[in-house]
Amino acid sequence: MPLAKVKIKISDFNFYYGQVKVIKGVSVEMLAKNVTSIIGPSGCGKSTLLRCFNRMNDLIPGARAEGRAEIEGVDILGPQVDVVELRKRVGMVFQKPNPFPKSIFDNVAYGLRVNDITDRLIIEKRVEQSLRSAALWDEVKDRLKDNALNLSGGQQQRLCVARALAVEPEILLMDEPASALDPIATARIEELIVELKKHYTIVIVTHNMQQAARISDHTAFLMQGELVEYGKTSDIFTKPRKKLTEDYITGRFG
Amino acid sequence: MKIKRIKEKVVEGLFFLNGLIVIIILAGIFLLLLKNALPGLKEIGLMEFLATGYWNPDAYGKATYGALSMLVSTGMVTIGSLLIAVPLGIGTAAYLSDVASPRVREIAKPVVEILAGIPSVVLGFLGIVLVGPLLAKLTGTYNGLNAINGSILLAVMALPTIISLSEDALNSVPRSYAEASLALGANKWQTVTQVKVPAAASGIVAACMLGMGRAIGETMTVLMATGNAAQFPTGFLSSVKTMTSTIAIELGEVAYFTTHFYMLFSVGLVLFLITFVINLISDIVFNKHMKMLK
Ligand SMILES: Nc1ncnc2c1ncn2[C@@H]1O[C@H](COP(=O)(O)OP(=O)(O)O)[C@@H](O)[C@H]1O
Ligand SMILES: [Mg+2]
């Protein structure tokens, strides 16, 4: 197997909310076209770390990053970075499905329109492609004009995936994308993630360890803002190097 | 336990009483207006009152009481003010809620509040010495005391209402919408105009209607700025006499219990009904908006 390309790299990375340090000296390299999962007890900083990759934390007053974070070797933290441009390359799916109160079609088309794509035919093609990639097309193709809020929770979340894919990102960040869904909808999202990694680099936060084990290639275990262990998912779950990791994955705490 | 229950009951009762008093006062005002309007309306007829445009109580021959020109004048000044205040107000609200830095917001908020506190007579004064001459110069009219002048000043009066209520409506939009938009590479302006404003639409409509309610009922400013020619307006550059101006100017000098007196109450009644309906609709729309977001 050829050496996999590093897509996201952070080193000696710290993150603060005001005075409170919530990410402490984390260094990690995530590979292209891989699924990397971030696990850890609630409040350990998983979402915070994930939201650094598309600079979503910029919205929070007093939030501040320290250290290095790169995508394909290019810094993403500095003031020179065009955040809007970055977010086109790094899509995101949130914990709670959050489609806009617009039609299904307009939800997916939104990312294209704000990026100045106005050609009706191109938009229609991209919307269909994205909905197909998100395994939603067959369910909604006859009701594209319906309000997205009428879809079921699982469908809404796949719509959010489609909406993110429409912008053609390279990386897809997912913050507990299945935590609000029932088991069947969860299984569909998991299938989808495995399918999507052929084309995208995926980083997923999950508190469900079986999920991490099922779908990810690499796993990062975070605790109280520190990276306890990072490696191949199979290694983390079968032969963890740290006692703490073993305790966590065997469910002794958290 | 028992005392707490009694306390709750008392507070509940007080609120109920409060609401009841408001309703009684409103009904009282309505009945008072109606009682004083009816004799005039009976004499003149609803048709002449609402469908003809000559309001000439002091005519040598037969006095006429057509209110249409006033209605149209009020409508023009109000619509004109909305044409200015709605885009400006929503734009400002969007800017303040989503685009402005916290620093700018801190300065702008009190400014908007101060704007709301300017006495209307001061605005009217500015209309005469500032807006009027400016308009006269720009349009080549005589003194610039006309419908546009009134519209501009009323826009200034309606703006604080529209801005602060629209901002509230925008702030009540779930954060997740804005996050989703920004995460797709939309900038802040795109996010607020294309996602948040549509999501807050009903709240914003209510804000604009409340602003409109203010504009319709406002008296002193329009009285001073619009020239008050009792004629059928021919355009925004013509001097107009609105319903409020007519009442304010004439009621002080009219002899009691004459047709003229009764007809001024009729004008007041129409004004009352219009503002009442507008406020009612904006209230319904706003409550619907709040429910929808839950
Ligand atoms: N906007 C915020 N302001 C201040 N502290 C925050 C904010 N968001 C999260 N935190 C804190 O940062 C820590 C990490 O939170 P988070 O990244 O959400 O954890 P996780 O996703 O692993 O549950 C928690 O202690 C949380 O309370
Ligand atoms: Mg989280």
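Keep in mind the model is a prediction, meaning the values are calculated, not measured. (Residues numbered from 1 in each chain as written. Chains lettered and ligands numbered in written order. Predicted model: local features only at pLDDT ≥ 70, side-chain atom pairs only at ≥ 80, totals over all residues. Heavy atoms only, no water.)

Some remarks on the interface of chain A and chain B
In step 1: If you look at the interface, chain A gives 23 residues, while chain B gives 18 residues.
In step 2: Here chain A packs against chain B, burying approximately 1600 Å² in sum over the two surfaces, 64% of which is carbon and sulfur.
In step 3: Summed over the shared surface of chain A and chain B, the result is one salt bridge.
In step 4: When the shortest N-O distance is used, the salt bridge between E179 of chain B and R51 of chain A registers 2.8 Å. (Contact = heavy atoms within 4.5 Å. Buried area = accessible area lost by both parts, 1.4 Å probe. Salt bridge = Lys/Arg side-chain N within 4 Å of Asp/Glu carboxyl O.)

Quick notes on helix 6 (residues 153-166) of chain A
In step 1: In a regular helix each residue adds 1.5 Å, so 14 residues correspond to 20 Å; helix 6 of chain A covers 20 Å between its end C-alpha atoms and thus fits that length.
In step 2: One or two steps after helix 6 of chain A, the chain reaches E168 of chain A, where phi turns positive at roughly 55°. (Helix = DSSP H or I, 4+ residues; strand = E, 2+ residues; numbered from the N terminus. Expected span 1.5 Å × (residues − 1).)

Here we look at the site of ligand 1
Residue and element names in this part refer to chain A.
In step 1: Every residue near ligand 1 is listed here: Y17, V22, S42, G43, C44, G45, K46, S47, T48 and I60.
In step 2: In the environment of ligand 1, a nitrogen atom lies 3.5 Å from a nitrogen or oxygen atom belonging to the side chain of Y17.
In step 3: Contacts to ligand 1 include G45, whose backbone N or O atom sits 3.1 Å from an oxygen atom.
In step 4: Notes on ligand 1: free accessible area 560 Å², of which the protein chains cover 57%.
In step 5: The element contributing the most residues to the shell around ligand 1 is helix 1 (residues 46-50), with three residues. (Near = heavy atom within 4 Å. Polar contact = N/O pair within 3.5 Å; in protein donor to acceptor, adjacent residues only side chain to side chain. Areas by Shrake-Rupley, 256 points an atom, 1.4 Å probe, with all protein chains shown as cover.)

What to know about the confidence of the model for chain B
In step 1: Per-residue confidence for chain B averages 93 on the pLDDT scale, and 99% of its residues sit at or above 70.
In step 2: Scoring the predicted complex yields pTM 0.86 and, for the interface, ipTM 0.93. (pLDDT = per-residue confidence, 0-100.)

Thoughts on the layout of surface pockets
In step 1: Here the largest pocket is characterised by a volume of approximately 690 Å³.
In step 2: L59 of chain A together with S97, D98, L182 and K188 of chain B are, among the 26 residues lining the largest pocket, the residues nearest its centre.
In step 3: Counting residues per element, the ones that place at least two in the lining of the largest pocket are helix 2 (83-89) of chain A together with helix 3 (68-99), helix 4 (102-117), helix 6 (147-171), helix 7 (175-183) and helix 8 (188-199) of chain B.
In step 4: Broken down by element, the lining of the largest pocket gets its largest block of residues, four residues, from helix 7 of chain B.
In step 5: Per-class residue counts for the lining of the largest pocket are 13 nonpolar, five polar and eight charged. (1 Å grid on protein atoms, 1.4 Å probe; cavity = no way out; pocket = protein on both sides within 12 Å on 5 of 7 lines; lining within 4 Å. Points joined across faces, edges and corners; volume = space filled by probe spheres on them. Nonpolar A, V, L, I, M, F, W, Y, C, P; charged D, E, K, R; others polar.)

A word on unusual backbone geometry
The phi torsion of most residues other than glycine is negative, and most of the peptide bonds are trans.
Residues and elements named next belong to chain A.
In step 1: With a phi angle near 55°, E168 is a residue other than glycine that sits in the positive phi range.
In step 2: Locating E168 in the fold gives a position in the loop between helix 6 and strand 7 (171-175).
In step 3: Positive phi outside glycine occurs at Q224, with the angle close to 45°.
In step 4: Among the secondary structure elements, Q224 is positioned in the loop between strand 9 (218-223) and strand 10 (226-232).
In step 5: Classification of Q224 by relative accessible area gives exposed; the value is 58%. (Buried < 20%, exposed > 50% of the residue type's maximum accessible area, 1.4 Å probe, protein only.)

Quick word on the packing of helix 3 (residues 104-114) of chain A against helix 4 (residues 120-133) of chain A
All names here are of chain A.
In step 1: Packing of helix 3 against helix 4 leaves a shortest axis separation of 9 Å and a crossing angle of 120°. Our classification of the angle between helix 3 and helix 4 gives oblique. Crossing handedness for the pair helix 3 and helix 4: right-handed. On the side of helix 3, the interface is formed by F105, V108, A109, L112 and R113, while helix 4 contributes R120, I123, E124, R126, V127, S130 and L131.
In step 2: Looking at the contact of helix 3 with helix 4, its residues break down into seven nonpolar, one polar and four charged. (Axes fitted to C-alpha atoms, helices over the stretch in contact; angles between N-to-C directions. Parallel < 35°, antiparallel > 145°, perpendicular 65-115°, else oblique. Left-handed = near helix turned anticlockwise from the far one by under 90°.)

What about the sheet that holds strand 2 (residues 20-31) of chain A?
Residues and elements named next belong to chain A.
In step 1: With antiparallel pairing, the four strands of this open sheet are ordered in space as 2-1-4-5. At either end of the open sheet lies a strand with only one pairing partner, and these are strand 2 and strand 5 (74-75).
In step 2: With eight bridges joining them, strand 1 (residues 6-17) and strand 4 (residues 63-71) adopt antiparallel strand pairing. When the sheet's bridge partners are listed, Y17 is paired in strand 4 with A63. (Pairing = 2+ DSSP bridges.)

Some remarks on the pattern of salt bridges
Residue and element names in this part refer to chain A.
In step 1: One pass over the structure, following the stated rule, counts 29 salt bridges over all chains.
In step 2: With a shortest N-O distance of 3.0 Å, R89 and E170 are connected by a salt bridge. Separated by 81 residues along the polypeptide, R89 in helix 2 and E170 in the loop between helix 6 and strand 7 bring together distant segments of the chain.
In step 3: The residue D247 makes a salt bridge to K243 at a minimum N-O spacing of 3.1 Å. Of this pair, D247 and K243 both sit in helix 10 (residues 243-249), four residues apart, which is roughly one turn of that helix.
In step 4: In this structure K243 comes out as exposed when scored by relative accessible area, which is 54%.
In step 5: What you see here is one network of salt bridges that share partners, running through K5, K7, E72, R89 and E170.

Regarding the pairing of strand 7 of chain A
Looking down a regular strand, the side chains alternate between one sheet face and the other.
Residue and element names in this part refer to chain A.
In step 1: Most of strand 7 sits out of view: five of its five residues are buried.
In step 2: Here strand 7 shows no split at all, with I171, L173 and D175 on one side and L172 and M174 on the other all buried.
In step 3: Pairing between strand 6 (residues 90-93) and strand 7: four bridges, direction parallel. Bridged to G91 within strand 7 is L172.
In step 4: As paired strands, strand 7 and strand 8 (residues 201-205) are joined by five bridges and run parallel to one another.

Topic: the sheet that holds strand 3 (residues 35-39) of chain A
All names here are of chain A.
In step 1: Overall, mixed pairing links the six strands, which are arranged 6-7-8-3-9-10 in an open sheet. Looking at the sheet topology across the chains shown, the edges are occupied by strand 6 and strand 10. Ignoring strand direction, the axes of neighbouring strands in this sheet form an average angle of 15°.
In step 2: Note that strand 3 and strand 9 share four bridges and pair parallel. Along strand 9, the bridge assignment pairs T36 with H218.
In step 3: Against the sheet, helix 7 (residues 183-196) makes contact with strand 3, strand 7 and strand 8, and its axis sits at roughly 150° relative to strand 8, the strand it touches most.

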